[in-house]
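One letter stands for each residue in the lines below.
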Amino acid sequence: MIALTQTLILGVLAGAVYALMASGLTLIFGVMRVINIAHGAFAVLAAFLTYSLWSAFGLDPLLAIPFIMVVMFGIGWVVYQGAVRHSRGSHVSMTVLVTFGIALVLEGVMGIIWGNRSASIRTDYTDASVEVGPFFFPQVQLLAAAIAVVVLIALYFLLNKTWLGRAIRAASVNESGALLVGVSVAAVAALTFAIGIATLGAGGAMLGAIQPIVPGTHYQWIARLLAIIVLGGFGSLPGAVIGAMIIGVTEMLATTYVGSAWPVAVPFLIIFIVLIVRPQGIMGARLREDLVS
Amino acid sequence: MSDAAAKSVQDERRSRLIRNGVLAVLALIVVLFPLIGDASMENTMILALIFAIGASGLNIITGYTGYLSLSQGAFLGIGAYVAAILGRSMPDISPFVWMPVAGLTAALLAMLLGLVTYRSRGASFVIITIAFLFLVQFVATQWVPVTNGTAGITFPLPTWSNAVWGNWPFHLVLVGLLALSILVSWWIRRTKFGTGLIAIREDEGKAGSVGINAPIYKLLAFGLSALFVGMAGTVYGYYLSFVDPIGMFSILNSVIIVLAIILGGRGTLLGPVLGAFILVPVDAFANNYLGGGNIRLLVFGGLLVLLVVLLPKGIIPTVQLLLEKRRTKGTVGLTGSITALADRPLPPPREKLAPVGDTMLLQVTGLEKSFGALKAVDGCTFGVPEGSITALIGPNGSGKTTVFNLISGLMTPDAGEIVLDGERIEGLAPWGRAHRGIGRTFQMTRLFREMTVLENVVAPLRDFQFRQLGLGAVSGSEAEKAEEFLEFVGMQAYRDARAGSLSYGQQKLVELAQILVLDPKLIMLDEPAGGINPTLIERMGGLIRELNDQGKTFLLVEHNMPFVLGLCNPVRVLARGQVIAEGSPAEIQKDPLVLDAYLGDDYMLENRSGDGAAAKGEGR
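A brief structural summary. (Residues numbered from 1 in each chain as written. Chains lettered and ligands numbered in written order. Predicted model: local features only at pLDDT ≥ 70, side-chain atom pairs only at ≥ 80, totals over all residues. Heavy atoms only, no water.)

**Structural notes on the overall build of chain B**
Phase 1: Secondary structure assignment for chain B yields 28 helices and 12 strands.
Phase 2: With the C-alpha coordinates of chain B rotated into their principal frame, the extents come out at 100 × 65 × 40 Å.
Phase 3: Of all 620 residues assigned to chain B, the portion counted as buried reaches 55%.
Phase 4: Excluding contacts between residues fewer than 6 apart, the proportion of contacts in chain B whose partners are at least 24 apart in sequence is 76%.
Phase 5: Total accessible area computed for chain B in this model is approximately 26300 Å², and 60% of it derives from carbon and sulfur atoms.
Phase 6: Across chain B, the 49 positively charged side chains and the 49 negatively charged ones have centroids separated by 5 Å. (Helix = DSSP H or I, 4+ residues; strand = E, 2+ residues; numbered from the N terminus. Buried < 20%, exposed > 50% of the residue type's maximum accessible area, 1.4 Å probe, protein only. Contact = heavy atoms within 4.5 Å. Areas by Shrake-Rupley, 256 points an atom, 1.4 Å probe, with all protein chains shown as cover. Lys, Arg positive; Asp, Glu negative; His and termini not counted. Charge placed at Lys NZ, Arg CZ, Asp CG, Glu CD.)

Next comes the structure, spelled out in structure tokens:
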């Protein structure tokens, strides 16, 4: 029982970071109907940038977060304007190919800059943990989860309490309608993409402190993030949080009770099964247009 | 004029001769390549052949059917693994025995993947194919007793002497497989099967409503798409003499195959082959001279982005388009007149509206359908008398189109019964209903845009048989029938025009001709008079009357009140998903419930003198 609870704790802590990373993916899909396959690669990129800051200047990953978010925002904006924007309007499968191409390019670039071996960030709190009764909370994960919650709340306020948030939500519900009432959808789309990559950057910055980073692991990350938003329903932010918790806990359970190789397969299995059985996910409603098309 | 025509025919014959000559020379070079190339070039050629086979197969589901898949590389690996596993346990048996086994295994697994398309399309499907590839890789890694895990399997040496034959056996077998897969692709394109696949690509829902049994078509397409690449996998395995999960199931293989299709031209016969023969040498160059690894990722990732953004159509279609532009420069295309239709004599006007019979051709009882919290159809009950022109009217959002979708099978009802000619049909798939005699048009016309008008009209199928799949796409008698219907609606001048290039009104007429091919008992028209000019509205009314005289029963959804009240009897009024009134046009116009919910009070004032001759009124 203690072992099970401990597994659940670790799963939820991992899930909080996953939720932060998936929020950008689901936001981008919600506004522009683009499934950003490069999301995993952007996460690993943010981790490597943090790693470089840490190894060159000894900057603590937690302190690097604001800086990384700004940089990732810029990278997201440039990539959107340079590539993703041009694929909008073509068939949705084509946008998947474009973002997949971006993922491959990022993997190649990271391989050239940082090499195809693993890097990890060691801080003084890397191996420390907080003990409560029989349970332990690894300090890195605790901090990461706290930061995830803070950034998610900020994102929630941005979406629900600001003009930009209203514009983003308007563009996601009805693009031409938003255009008619004076929302520049092109600008909103670029901003949304950049914001999505920036929030991902916060999660990515924590990544290097939690586990070793390798360029090739972006497949694993995108699988996990896709599984999360497939579970939660494409475009739903609350859905992404719930999906992230489920994936986090399931992976921990699979590691503890089935075998250490299995977490690799969990996201793919979930994607496969959910998209066949309940394509709209947990939180997504089936809409009229989904049925007719 | 005739000089120009003769010249263009001559030009065309000459360019075809040149094209065939070039193709023959290229084919000869490919077949005899081991005589020319050195070892490294030979290796590139073998890889190019393998990827060309993969691309040619993938073209069947991606180019023809419209399902983009990133799992084609998995079937190459599956083919190799099947041969490796069988060859290891029975080393004395010739690899040629394993080749068909591997092909069939790959085809079966591909059909399993094809089943997924029953529920998911577009981007979801692409994601599923990525997941499929990684899951297959996971199985190959974890199922150690059979696959030997990450260590991989070494093939037994082939039964022939490598020193004597060199790479010739591999090369020739691959050339044969490529020729076969091109032949199959060519055969598909000119049969009913191919037309059905393209109809599915253009509009899967519409394809179902004109009687195309999409799931069977798609399953066969998926099977065929993996058959030859599975067999090529066996050759690949024996050629490398080793398989392991990392190399065999690398996602870059799938990426190269998808790129080959996009680069060469999706849906063209030879485009995918051309794409593979361009990309594989690029890959070899990146590997040998640029350091491989990360550079390969940059090259193919970059190509993927650039191609989709800059050349989404691919080489062959782009070149064709340029040639076509040059050829037709200065000539004028068909313009949008409908003189042919206006020249047709109108059927004599009716003495009175069609009589209402007692037997119901279609009876709908207690139909319900919700979208989330919204009850779009809520206990809808009505009948369509045999031989009538029945109208279904009601305010916007009252559920008319949803009722249409429920009857034609595009949506399944949450509750209720639909009986056509004494048979319950609410559980049938759209094509099943089309086969039983329901033909429908759509509010926003849904023709297969990339097909010609004639192809659109011959696409509907009145039943499903396996042997029908192999029939020619446009047979003589069918074409005759189709032309007859096109003439009937006045569109025969446009038979070779691309459906997407027609005006909205013209598309409505073609869509009507299209469903007539189904020889439906019940013709359901969704706003036949919506968005077209007054002359055309009158003609549309004439066509409906004429068909009705020939015994067709109609169910119309329409907002144009003069049109409805002058043409239809009985009328059913829908509001908030229920039928709130039924009766003759005269009765409906007086019904207080209808006036309240739909027509409005001023309708009465304007039409006080009208007694069923409301066709002259101004409507709402």
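**A short note on the sheet that holds strand E3 (residues 360-371) of chain B**
Residue and element names in this part refer to chain B.
Phase 1: One open sheet holds the 4 strands; their spatial order is E4-E3-E6-E7, and the pairing between them is antiparallel. Because the sheet does not close on itself, it has two edges, and the strands there are strand E4 (374-385) and strand E7 (423-424).
Phase 2: Relative to strand E6 (residues 415-420), E3 runs antiparallel, the two sharing 5 bridges. Directly across from Thr365, in E6, lies its bridge partner Glu417.
Phase 3: Packing of helix H19 (residues 400-408) onto the sheet brings it into contact with E3, E4 and E6, and relative to E4 it is tilted by some 65°. (Pairing = 2+ DSSP bridges. Axes fitted to C-alpha atoms, helices over the stretch in contact; angles between N-to-C directions.)

**Considering the environment of Thr445 of chain B**
All names here are of chain B.
Phase 1: As for its position among the elements, Thr445 is in the loop between strand E8 (438-440) and helix H21 (453-458).
Phase 2: Linking Thr445 and Gln507, residues 62 residues apart in sequence, is a C-alpha distance of 6.4 Å.
Phase 3: Once residues within four sequence positions are removed from consideration, Thr445 is found in contact with Tyr504, Gln507, Lys508 and Glu511.

**So, the packing of aromatic side chains**
Phase 1: Scanning the entire structure with this criterion turns up 18 aromatic pairs over all chains.
Phase 2: With centroids separated by 6.4 Å and ring planes inclined at 25°, the aromatic side chains of Phe272 of chain A and Phe132 of chain B adopt a geometry described as stacked. Note that Phe272 of chain A is positioned in helix H11 (residues 265-277) and Phe132 of chain B in helix H6 (residues 122-142), a pairing that runs across two chains.
Phase 3: You can call Phe272 of chain A buried: its relative accessible area is 18%.
Phase 4: When the ring of Tyr67 of chain B is compared with that of Phe222 of chain B, the centres are 6.4 Å apart and the planes differ by 55°; the resulting orientation is tilted. In this pair, Tyr67 of chain B is assigned in the loop between helix H3 (39-64) and helix H4 (72-89) and Phe222 of chain B in helix H12 (residues 214-240), connecting sequence segments 155 residues apart.
Phase 5: You can call Tyr67 of chain B buried: its relative accessible area is 4%.
Phase 6: The lysine or arginine in question, Arg440 of chain B, covers the ring of Phe442 of chain B, its NZ or CZ lying 4.0 Å from the ring centre. (Phe/Tyr/Trp six-rings, centres within 6.5 Å; stacked < 30°, edge-to-face > 60°. Lys NZ or Arg CZ within 6 Å of the ring centre and 35° of its normal.)

**Looking at the interface of chain A and chain B**
Phase 1: Opposite the 41 residues of chain A that make contact, chain B presents 43 residues.
Phase 2: Summing both partners gives a buried area of about 3800 Å² for chain A against chain B, and 80% of it is carried by carbon and sulfur.
Phase 3: If you look at where chain A meets chain B, you find 0 salt bridges.
Phase 4: One can count 2 residue pairs in polar contact (both at pLDDT 80 or more) joining chain A with chain B.
Phase 5: Taken together, the elements giving at least two residues each to the side of chain A that touches chain B come down to helix H3 (61-87), helix H4 (92-114), helix H9 (218-232), H11 and helix H12 (288-292) of chain A. (Buried area = accessible area lost by both parts, 1.4 Å probe. Salt bridge = Lys/Arg side-chain N within 4 Å of Asp/Glu carboxyl O. Polar contact = N/O pair within 3.5 Å; in protein donor to acceptor, adjacent residues only side chain to side chain.)

**Some words on the nonpolar core**
Phase 1: Ranked by size, the top nonpolar core spans 199 residues in total, and within it Phe42 and Ile102 of chain A together with Leu177 and Val255 of chain B carry the most contacts.
Phase 2: Residue contributions to this core reach at least three from each of two domains, namely domain 2 (39-324) and domain 3 (342-616) of chain B.
Phase 3: Beyond its immediate sequence surroundings of up to four residues, Ile102 of chain A is in contact with Ala38, Phe42, Val79, Ala83 and Val84 of chain A together with Val305 of chain B.
Phase 4: By size, the runner-up hydrophobic cluster in this structure holds 49 residues, among which are Val457, Leu502, Leu512 and Val571 of chain B. (Core = buried A, V, L, I, M, F, W, Y, C linked by side-chain atoms within 4.5 Å. Domains from an automatic or database assignment.)

**A few points about the pattern of salt bridges**
All names here are of chain B.
Phase 1: Applying the stated criterion across every chain, the model contains 19 salt bridges over all chains.
Phase 2: For Glu202, the salt bridge goes to Arg201, with nearest N and O atoms at 3.2 Å.
Phase 3: By relative accessible area, Arg201 is classed as partly exposed at 31%.
Phase 4: The salt bridge partner of Glu582 is Arg572, with a shortest N-O separation of 3.2 Å. Of this pair, Glu582 sits in strand E12 (residues 578-583) while Arg572 sits in strand E11 (residues 571-575), and the two are 10 residues apart along the sequence.
Phase 5: Through salt bridges that share partners, Glu368, Lys375 and Asp378 make up one connected network.

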